[in-house]
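# Remarks on the overall topology
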Protein chains: 2
Amino acid sequence: MSKTESSSKARHTIRDIARVTGVSPKTVSFVLNDREGVAEQTRKRVLKAVKEMEYHPHAAARALRDRVTRSIGVIFPTTADAAPLSQSLLNWLHEEFIHIFGSRGYYVTFDMASYAGSRNGDYARGVWEQAFGPCFLAGPLALTDRVVPRLHERGVPYVAVTRLDSFPQCSAASVDYEQAACLSTRHLLEKGHTRIGLLQAFQGYQSGLERRRGYERALREAGLPVDASLIRPVTFDSHSIVNGVHALLSDRAVTALIDSSSTEDPVVLREGARRAGRRFGKDLEIVVWTYRYDTVVLPEACAHMCLPLRQASAEGLEHLAAWIEGRREGPIQILYQPTLLETPREAPFNDPLRVFHETA
Amino acid sequence: MSKTESSSKARHTIRDIARVTGVSPKTVSFVLNDREGVAEQTRKRVLKAVKEMEYHPHAAARALRDRVTRSIGVIFPTTADAAPLSQSLLNWLHEEFIHIFGSRGYYVTFDMASYAGSRNGDYARGVWEQAFGPCFLAGPLALTDRVVPRLHERGVPYVAVTRLDSFPQCSAASVDYEQAACLSTRHLLEKGHTRIGLLQAFQGYQSGLERRRGYERALREAGLPVDASLIRPVTFDSHSIVNGVHALLSDRAVTALIDSSSTEDPVVLREGARRAGRRFGKDLEIVVWTYRYDTVVLPEACAHMCLPLRQASAEGLEHLAAWIEGRREGPIQILYQPTLLETPREAPFNDPLRVFHETA
DNA sequence: CTGTTAGCGCCTTCAT
DNA sequence: ATGAAGGCGCTAACAG
């Protein structure tokens, strides 16, 4: 009967390895951490025991000792129903995390508690509890946000996906929504429209405010008054969009719309117009906002406003990784500009939803 | 000038709270863990200090002491290019985790290191290092898998999405792929086909083997020989599918196909047929496998084989949560049966891809 | 080169 | 009811 130590269910500690190989715990620790000062022969004996006994260092013990974890946090500044993370963004995020952090051996820890509606607004418990240090803030920041400054003060690397007026030093990789709104509005003004409706998403959030501000700026530049009734806050609910479009278009003097709802859904837009007895492309022009550059959301639209959110986030995450590894400093201040694209006559084929990604 | 203790950057410990409130650390611990034996007045003083000083228990210290974390692990038995997690499955998974674990305050920790291609096959380091105990195995199990038995022996709650022939006691919530293949084949046999091509995904994995086995079983039942050249292993790459279809159909005696590639992509199927000078619905019938019940993947298909993977996983995760909380025992043994649906003449509208979920 | 010790922050005895 | 002490597994500092 051989020593059945290796098949034992018990989890071994560094001391077990030391005892079995007849060295001190410190030596084992040195071997594991690839440090000098251990005889080659001893090193081999230790590594052999480590493999045979299936020893693995205890993550929590290490974290306690080192005051750092090997985890990146993903945290949600809002609840799911207030501002749901889009499916396509989630997919993209997953890819990026695999690419950037997976290969480096980090764990990626999601804290969905606040997103699920618990924890009343303190969405950064993972940082306070030191479950992780560095983190990604996945979602829009509320204008009333009080958490980011505390995060900032803590000194942990972090990056958000919108700026924050109330805290300009906020580490963020974002898109200039104000500019997007301004360009959208200008485009329609130049085409001769004077009463332009705005479907405004993210009411109460930074990115919602920027939408409104850009819209108002363009109007003021043109010397036109701002009619508050033309700004229609909407949620991500279909009904909300349909009703919003319907309500705005009931005013026959409204001859143009800006869809900054971020829903990228042609069906609800058409339905809203239909209920008002209007049709896009006929007596009505629209600029549709989208996060992609390769797909026409609504062929009847006169233009698409493309928001490079992915590009911004990608650079933000790269910077975050560099910050964590000490190659760069924070805070991150990245701002991408949007692009207005006139809708092509021949809409390109809208790719079908693939269940599996294609392997390149 | 007030005591600026609360605005200090330093992270406080339980002893700081004790010192400030003039009690012992144990008392603070009792208060935090809602245990009896503390005077109400003391309790309030402690809680006040906790709030003011923004004290939070240290996750790693707690984990070390309690030998349990509040994390659920998501681990990947294969690399991304061998068997990529589908986008729709990832989205669904995210929803489920929010629903089941987010509301209970668990962290969800992804270990993407093995998925990214590092760690040569030992995909469960998170468990060995005790970064988490309970875990979800997101992806197919290789026939050569050696990790699951060790996981099982460890005694941690876990659940996989396929069974494992070499380890029948494996905790799994899965779909009966063998039955799906058998029913698909039978259906085509009953329609008079005798040479039936099989596009077989997951070669080398349990779910690939089950596909092949079910196909062969149906043929044997019908007294027909198994022609190995009719079984075409494919990857998730478009080319692989196109070539597979083309190659199978170059044999004009082949009058039917089973698409168990799991790609759910009508375009590549049609393209493969076109290259062989064939067309679905004309001289050719096909059964297409899908993970959904509400969408026609290929209108020309004579039937769709619907695999209730989501339903199985959902029940698996519910069971996992119950296992963690001691309400039920493991291992999990859930097997859902697939359904063959004849393709309706009028294909239902294929829902557009929504960027944001609709809030219910 | 090796061994001993102390302490990270928490919780749970045991003793008061 | 409270206070002191010890240990979870790891590593850095300090002897030998």
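Model, not experiment: these values are computed from the prediction. (Residues numbered from 1 in each chain as written. Chains lettered and ligands numbered in written order. Predicted model: local features only at pLDDT ≥ 70, side-chain atom pairs only at ≥ 80, totals over all residues. Heavy atoms only, no water.)

### Details of the sheet that holds strand 8 (residues 256-260) of chain B
All names here are of chain B. Spatially, the six strands line up as an open sheet ordered 7-6-8-9-10-12, and their pairing is mixed. Edge positions in the sheet fall to strand 7 (231-233) and strand 12 (339-342), since each has one partner strand and no second. Taking each pair of neighbouring strands and ignoring which way they run, the sheet shows an average axis angle of 20 degrees. Pairing between strand 9 (residues 285-290) and strand 10 (residues 303-306): four bridges, direction parallel. Bridge pairing in strand 10 places Trp289 opposite Met305. Packing against the sheet, helix 10 (residues 238-250) makes contact with strand 6 (196-200), strand 7 and strand 8, and its axis sits at approximately 165 degrees to strand 6. (Pairing = 2+ DSSP bridges. Helix = DSSP H or I, 4+ residues; strand = E, 2+ residues; numbered from the N terminus. Axes fitted to C-alpha atoms, helices over the stretch in contact; angles between N-to-C directions. Contact = heavy atoms within 4.5 Å.)

### Concerning the relation of the copies chain B and chain A
Between the two copies, chain B and chain A, the superposition gives an RMSD of 0.1 Å; the rotation angle is 180 degrees and the shift along the axis is 0.0 Å. Read as a symmetry element, the transformation amounts to a two-fold axis. When the interface residues of chain B are mapped onto chain A, 100% of them are again interface residues, pointing to one common binding face. (Least-squares fit on C-alpha atoms with pLDDT ≥ 70 in both.)

### A closer look at the side chain of Ser171 of chain B
Residue and element names in this part refer to chain B. Within the fold, Ser171 resides in the loop between strand 4 (158-160) and strand 5 (172-175). Exposure remark for Ser171: the relative accessible area of 0% places this residue in the buried category. Those residues within four positions of Ser171 in sequence are excluded, and the remaining contacts are His152, Tyr158, Val159, Ala160, Trp323, Pro331 and Ile332. (Buried < 20%, exposed > 50% of the residue type's maximum accessible area, 1.4 Å probe, protein only.)

### Concerning the pairing of strand 6 (residues 196-200) of chain A
The two faces of a sheet get side chains in turn, since along a regular strand they alternate between them. All names here are of chain A. Counted residue by residue, strand 6 has five buried out of five residues, so it is predominantly covered. In strand 6, alternate side chains face the same way, and those of Ile196, Leu198 and Gln200 on one face and Gly197 and Leu199 on the other are all buried. Here strand 6 runs beside strand 7 (residues 231-233); their pairing, made up of three bridges, is parallel. When the sheet's bridge partners are listed, Leu198 is paired in strand 7 with Ile231.

### Section: the nonpolar core
Nonpolar side chains in soluble globular proteins generally cluster together in the buried interior. Core analysis: the largest hydrophobic core is formed by 201 residues, its most contacted members being Phe97, Phe101 and Leu137 of chain A together with Phe97, Phe101 and Leu137 of chain B. Not counting residues within four places of it along the chain, the set of residues in contact with Phe97 of chain A comprises Ile72, Val74, Gly102, Val108, Phe136 and Leu317 of chain A together with Met112 of chain B. (Core = buried A, V, L, I, M, F, W, Y, C linked by side-chain atoms within 4.5 Å.)

### Notes on the protein's contact with DNA strand D
Around DNA strand D, 23 residues are found, and the nearest of them are Ile14, Tyr55 and Arg65 of chain A together with Ser24 and Arg67 of chain B. Taking all atoms of DNA strand D within 4 Å of the protein, the share assigned to sugar and phosphate is 69%. A distance of 2.7 Å separates a phosphate oxygen of DNA strand D from a polar side-chain atom of Arg67 of chain B. Here the element with the most residues in the surface near DNA strand D is helix 4 (residues 59-66) of chain A; it accounts for four residues. Grouping the constituent residues of the surface near DNA strand D by class yields seven nonpolar, eight polar and eight charged. (Near = heavy atom within 4 Å. Polar contact = N/O pair within 3.5 Å; in protein donor to acceptor, adjacent residues only side chain to side chain. Nonpolar A, V, L, I, M, F, W, Y, C, P; charged D, E, K, R; others polar.)

### As for the packing of aromatic side chains
Across all of its chains, the model carries 19 aromatic pairs over all chains by this definition. Here the aromatic rings of Phe202 of chain A and Phe236 of chain A are separated by 5.3 Å at their centres, their planes lie at 65 degrees, and the arrangement is edge-to-face. One end of the pair, Phe202 of chain A, is in the loop between strand 6 and helix 9 (206-221); the other, Phe236 of chain A, is in the loop between strand 7 and helix 10 (238-250), and 34 residues separate them in sequence. Across the pair, exposure class does not vary: Phe202 of chain A and Phe236 of chain A are buried alike. Three or more aromatic residues joined by ring pairs make a cluster, and in this case those are Phe76, Phe110 and Tyr115 of chain A together with Phe76, Phe110 and Tyr115 of chain B. For the cation-ring pair, Lys26 of chain B lies above Phe30 of chain B, with the distance from its terminal atom to the ring centre recorded as 4.7 Å. (Phe/Tyr/Trp six-rings, centres within 6.5 Å; stacked < 30°, edge-to-face > 60°. Lys NZ or Arg CZ within 6 Å of the ring centre and 35° of its normal.)

### Section: the sheet that holds strand 12 (residues 339-342) of chain A
All names here are of chain A. Taking strand neighbours across the sheet as the criterion, the six strands line up as 7-6-8-9-10-12 in an open arrangement whose pairing is mixed. In the strand order of this sheet, the two ends are held by strand 7 and strand 12, each with one partner. Across the sheet, the mean angle separating the axes of adjacent strands is 20 degrees when strand polarity is ignored. Relative to strand 8 (residues 256-260), strand 6 is paired through five bridges, and the arrangement is parallel. Bridging from a neighbouring strand, Gly197 pairs with Leu257 of strand 8. Where helix 9 meets the sheet, it contacts strand 6, strand 7, strand 8 and strand 9 (285-290), and its direction lies at approximately 170 degrees from that of strand 6.

### Points about the environment of Arg270 of chain B
Residues and elements named next belong to chain B. On the secondary structure map, Arg270 appears in helix 11 (residues 266-275). Residue class for Arg270 comes out partly exposed when judged on its relative accessible area of 35%. Taking the C-alpha atoms as reference, Arg270 lies 17 Å from Arg232; in sequence the two are 38 residues apart.

### What to know about the domain arrangement of chain A
Residues and elements named next belong to chain A. We note that the domain assignment places domain 1 (3-57), domain 2 (66-175 + 310-335) and domain 3 (177-307) within chain A. For domain 2 versus domain 3, the separation of C-alpha centres amounts to 30 Å. For the pair domain 2 and domain 3, the summed buried area comes to about 1,300 Å², and 57% of that belongs to carbon and sulfur atoms. Its largest share of buried area at the contact with domain 3, domain 2 owes to Leu143, Asp165 and Val175, together 39% of the area lost on that side. Our enumeration of links across domain 2 and domain 3 arrives at two salt bridges. Put simply, Glu210 and Arg163 hold a salt bridge, and the shortest N to O gap is 3.1 Å. For the pair domain 2 and domain 3, the number of links is six residue pairs in polar contact (both at pLDDT 80 or more). Elements with a contribution of two residues or more to the side of domain 2 that touches domain 3: strand 5 (172-175) and helix 12 (309-324). (Domains from an automatic or database assignment. Buried area = accessible area lost by both parts, 1.4 Å probe. Salt bridge = Lys/Arg side-chain N within 4 Å of Asp/Glu carboxyl O.)

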